[in-house]
Amino acid sequence: MISSQAARREPSGHPALEAQNLSVSFGGLNALQGFSFQLGYQQIGGLIGPNGAGKTTCFNLLTNLYQPTEGNIKLFGHEIKGAPSYHLFRWGLGRTFQNIRLFHRMTVLENVLVTQPNSSFFRTNHQHRKEALDLLDFFHLADQAEKKAGSLPYGAQRRLEIARALAGNPGVLLLDEPAAGMNPSETSQLAEQIKEIRNRFQVSILLIEHDMHLVMGVCDYLWVLNFGHQIAQGTPMEIQRNPAVIEAYLGRKERSEC
Amino acid sequence: MNHLWRKKKFFLGGLFTLLLFVLMHSLIQSGLVSRHIQSLSVPVGLNMILALSLFLLVGMLGELSLGHAGFMSIGAYAGGLFSKAMVQVIPVWIRFPLALCVGALVAALLALLLSVPVFRLKGDYLAIVTLAFGEIVRSLVINLPFTGGAAGLKGIPKDTSFSFLYWIVVFTIWLTMWIYSSKIGLEWRAIRDNAIAAEACGIPVVSRKRTAFVVTASLAGVAGVLYSHHYSILTAEVFGFNRSIEVLVMVVLGGLESAIATAVSAFFLTIAPEMLRFLNQYRMLIYSLVLIIVMIGRNTQWEKPKWFQQRRENA
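What you see is a predicted model; the values in this text were computed from it and never measured.

A.B. asks: So what about the interface of chain A and chain B? Which residues, and what values?
C.D. replies: The partner chain B presents 29 residues to the 28 residues of chain A that form the contact. When the two sides are added together, the surface that chain A and chain B hide from each other amounts to roughly 2700 Å², 57% of it contributed by carbon and sulfur. Where chain A packs against chain B, one counts two salt bridges. Our count for the contact surface shared by chain A and chain B stands at nine residue pairs in polar contact (both at pLDDT 80 or more). Contributions of two or more residues to the side of chain A that touches chain B are made by α3 (85–90), α4 (108–113) and α5 (126–138) of chain A. Looking at the side of chain A that touches chain B, the element that brings in the most residues is α3(A), giving four residues.

A.B. asks: Provide a residue-level description of empty space enclosed by the protein, including the pertinent values.
C.D. replies: Residue and element names in this part refer to chain B. Inspection of every chain in the model, using the stated rule, returns three cavities of 30 Å³ or more. Computed from the structure, the largest cavity encloses a volume of approximately 50 Å³. A per-element tally of the lining of the largest cavity places helix α5 (residues 124–143) first, with three residues. In terms of residue class, the lining of the largest cavity is made up of five nonpolar, five polar and one charged.

A.B. asks: A description of helix α10 (residues 241–253) of chain B should follow, citing residues and the corresponding values.
C.D. replies: All names here are of chain B. With 13 residues, α10 should reach 18 Å at 1.5 Å per residue; the first-to-last C-alpha distance of 18 Å fits that figure. Those residues of α10 not exposed but buried are Arg-243, Ser-244, Val-247, Leu-248, Met-250, Val-251 and Leu-253. At the C-terminal side of α10, Gly-255 shows a positive phi close to 95 degrees.

A.B. asks: Summarise the nonpolar core; cite the residues concerned and give the values.
C.D. replies: Phe139(A), Leu160(A), Leu166(A), Ile197(A), Ile205(A), Phe71(B) and Leu226(B) are the most contacted members of the largest nonpolar core, which totals 136 residues. Considering each element in turn, this core owes the most residues, 16 residues, to helix α2 (residues 35–61) of chain B. Three or more residues apiece are contributed to this core by two domains, here domain 1 (12–92 + 170–194 + 202–258) and domain 2 (102–169) of chain A. Leave out the neighbours within four places in its chain, and Leu160(A) touches Leu102(A), Val108(A), Asn111(A), Val112(A), Leu136(A), Leu141(A), Ala149(A) and Leu152(A).

A.B. asks: Explain helix α3 (residues 68–86) of chain B to me, and be specific about the residues and the numbers.
C.D. replies: Spanning 19 residues, α3(B) covers 27 Å between terminal C-alpha atoms, matching the ideal 27 Å at 1.5 Å per step. Of all 19 residues that make up α3(B), 15 are buried, and the element is covered over most of its length.

A.B. asks: Summarise the environment of Asn72(A); cite the residues concerned and give the values.
C.D. replies: Residue and element names in this part refer to chain A. Residue placement: Asn-72 occurs in strand β4 (residues 70–75). The class of Asn-72 is partly exposed, set by a relative accessible area of 26%. Linking Asn-72 and Ser-23, residues 49 residues apart in sequence, is a C-alpha distance of 9.0 Å. When near neighbours in sequence (up to four residues on either side) are disregarded, Asn-72 contacts Glu-18, Ala-19, Gln-20, Leu-22, Glu-79 and Lys-81.

About the criteria used
- The written sequence of each chain sets the order in which its residues are numbered from 1.
- All chains are assigned letters beginning with A, and all ligands numbers beginning with 1, in the order in which they are written.
- Side-chain atom pairs in this predicted model are given and counted only at pLDDT of 80 or more, local residue features only at pLDDT of at least 70, and totals for whole chains, interfaces and linings cover all residues.
- Heavy atoms throughout the structure, all of them, feed into the side-chain values; hydrogens and water do not.
- Whether two residues are in contact is decided by their heavy atoms, any of which lying within 4.5 Å being enough.
- Each of two parts loses accessible area, computed with a 1.4 Å probe, when they are put together; buried area is these two losses added.
- Any Lys or Arg side-chain nitrogen found within 4 Å of a carboxyl oxygen on Asp or Glu counts as a salt bridge.
- Any pair of nitrogen or oxygen atoms within 3.5 Å is treated as a polar contact; in protein, a donor-acceptor pairing is required on top of that, and neighbouring residues in sequence qualify only through side-chain atoms on both sides.
- Only DSSP runs of H or I covering at least 4 residues are called helices, and only runs of E covering at least 2 are called strands; the numbering of each starts at the N terminus.
- The distinction between a cavity and a pocket rests on a 1 Å grid over the protein atoms alone: a 1.4 Å probe fits inside a cavity but cannot get out, while a pocket stays open yet meets protein on both sides within 12 Å along at least five of seven lines, and a residue with an atom within 4 Å of a point counts as lining.
- Grid points are joined across faces, edges and corners, and a volume is the space filled by probe spheres set on the points.
- Side-chain classes are defined by residue name, with Ala, Val, Leu, Ile, Met, Phe, Trp, Tyr, Cys and Pro counting as nonpolar, Asp, Glu, Lys and Arg as charged, and the others, Gly among them, as polar.
- By this rule the span expected of a helix is its residue count minus one, scaled by 1.5 Å.
- Only protein chains enter the area calculation, which uses a 1.4 Å probe; residues under 20% of their type maximum are buried, those over 50% are exposed, and those in between are partly exposed.
- To define a nonpolar core, start from buried Ala, Val, Leu, Ile, Met, Phe, Trp, Tyr and Cys residues and group those joined through side-chain atoms within 4.5 Å.
- Segmentation of the chain into domains, including their bounds, is taken from an automatic or database domain assignment.

Such coordinate-based values are descriptive only and should not be taken to indicate function.
Written as structure tokens, this is what we have:
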């Protein structure tokens, strides 16, 4: 068990999040096969690959929405396989969703209040509201705190989802396509914000993203998946030059055309 | 400033309830209110409690229950049998609060039992199971040896009074509002909006659903105890499917978002059939028409009045 919040803030020698030989198959389809990775303390990792490569499946395994057929997952060195989803959040694993899943009929402020771990069972007091408003302020949402979450524009909803995950004071944050549906200026803003989040909240971040500009600009390390297999890993510079990655994204050059 | 505004609101609300109580009580004592209107206060109060308790489940948790009257029935019979047995033993001022507790506890216990299998189901299936539960309770009450059968349970002491009813209604309203903005209320509403996200945000969904179900049932049990101790006679038919639906209509009309709106909706839907009595045989027809019109009106987006918005900003 991961007992104290403080334990997550110290580099303990363990990677923040680690998976070994992670595999899952649905019927006959091997959605993910033998995927291993280590996300370092306060590192920003990227998980990329073409559509259907198994990226979101990997996230769903990490948050125990699916059960892996093989392999194990460690959060700060603790095995988390088989624990219910809601325990993982309390142990410091926050996530966002590819298709936004906000509590849309609750206000922006309530969306953040509900995930605060230290607020008592019955009451949300003044202090908690202040903390929540500070967090919203960081995401430029404080002036819309009393609005219904569902009425926010798309980009703001994405930011709120990140804020909600951060309200739980996580050590690891999983972002599933945070820039999906954003315009270029919003995306570059987001890139800055992701780095700021890492520094200010001292979290390790693993993100899935199709926007290569964002991925290459933000991530310290990348893993590339294709058809459930890992085909490459390395720093963004290495990945850009990797022939297997280029092939997966652009297709193989036909010999006859040469 | 927000907490100051809250305190002020709490104080004003308390003052208002107290004044209303004094007003209504003195009107009844002085005999200015006709017996007919006086007798209306009981169904109004009961429906308010029932609607508010169902609001916790339908409005806040987002789960549909069609067997709400079943829990009321359980509370009514449990409390009624208790008081009947204890009528010579315990003085009235302890007996009635105890009966309330008994009714609430028995209803809560059965809800807890039912909640174990029931929350493996979702949506329509939950509605069907609760519907079946209501029917099972009804037929059990008719066939069990100690409930008086189809003839009904007679001779329950008339322990309740207007004051009791009034303050229990006030307590229910306060409790519902308090739950709404408390942590557990936030968690229930999060589950209603998106169960998968709620689970991923650290909320134990199934266990929270069980809590909601038990709280709802025990409040319905309280309403049942009040019913049995006012009318002093109980028959199974009173707590049929129709009653569950009536209460559900009040909750849905109340907008599923606010406790006060639910209470107001329960108030008007209870007195509406009485107000329309002069229409004789067209009464239920007009009642249905009014219901349809109000439902359409409710689903239209209304702007909040300007003064209201300004006040919120100033506070």
